[in-house]
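Breakdown of the fold
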Amino acid sequence: DDAVFRLFKDQKCRIKGEKATATSPSGTMQMGSTIHIDSDTTGLSVFSKRIIKIDSCRTSEMLLMLVSTRDIEINCTRIKQPSEPCNGSAVPGSAPVYLQRSSSWIEAERVARESLATGISATVKVVDRKENDRVVKTIITSTDVMLSNIQTIHRRLDKENGIVKVWVDGNRGIVR
């Protein structure tokens, strides 16, 4: 059900809201975000009847399911580590490896989709404020975009740095 809903949402979704980042001489910090990804679920039940299960894999931590709206041939040859995507329109997102690793993948994918949206259309406001002889710069980035045909094209677990990475492609986005 989750795989079907995520694929449905990839067909068309709206990404709207804003996020703030503050920088000062002592570093950069995230100030919060109201960005959310919405999808009109009208037609989800009809869509779910067209879904084909391509492949699945169970690990000790999660169940992975690959679904599609059409039958696809899968090359099951194992490869040690594919190179990172060099597709110019692919947008990366990353997240720390959490105890529940599925949460890491979900967050990294969300970050990539937000970056895709702000890369297509964003309004940026910068506010400089002086506090105790230090300048604090706050950057507020707003977006409101309808995206269609988003694809997650690559995932990678970076054990050395304790993060997961996800790349999404949505070069067919519709700006609202």
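Look up: the structure comes first, before these words.
Residues numbered from 1 in each chain as written. Predicted model: local features only at pLDDT ≥ 70, side-chain atom pairs only at ≥ 80, totals over all residues. Heavy atoms only, no water.

1. Digging into the environment of S26
- Position of S26 relative to the elements: it lies in the loop between β1 (12-24) and β2 (27-33).
- Taking relative accessible area as the criterion, S26 reaches 60% and is therefore assigned exposed.
- Each C-alpha atom of the pair S26 and T69 lies 49 Å from the other, and the pair is 43 residues apart in sequence.
- For S26, the side chain forms a polar contact with the side chain of S24, separated by 2.9 Å. (Helix = DSSP H or I, 4+ residues; strand = E, 2+ residues; numbered from the N terminus. Buried < 20%, exposed > 50% of the residue type's maximum accessible area, 1.4 Å probe, protein only. Polar contact = N/O pair within 3.5 Å; in protein donor to acceptor, adjacent residues only side chain to side chain.)

2. Description of the sheet that holds strand β9 (residues 151-158)
- Taken in spatial order, the three strands of this open sheet run β6-β10-β9, and their pairing is antiparallel. At either margin of the open sheet sits one strand with a lone partner, and together these are β6 (90-96) and β9. Strand-to-strand twist across the sheet, computed as the mean angle between neighbouring axes with direction ignored, equals 20 degrees.
- Sheet analysis places β9 next to strand β10 (residues 163-169), joined by seven bridges and oriented antiparallel. From the neighbouring strand, L157 faces β10, where its bridge partner is V164.
- Packing of helix α3 (residues 101-120) onto the sheet brings it into contact with β6, β9 and β10, and relative to β6 it is tilted by some 145 degrees. (Pairing = 2+ DSSP bridges. Axes fitted to C-alpha atoms, helices over the stretch in contact; angles between N-to-C directions. Contact = heavy atoms within 4.5 Å.)

3. Description of helix α1 (residues 2-11)
- Looking at α1, one finds that the buried residues are A3, V4, L7, F8 and D10. In a view along the axis of α1, the buried residues occupy a sector of 155 degrees, so they form one face of it.
- Against the buried residues of α1 lie β1, α2 (44-48), β5 (63-68), α3 and β8 (134-148). (Arc of directions from axis to C-beta.)

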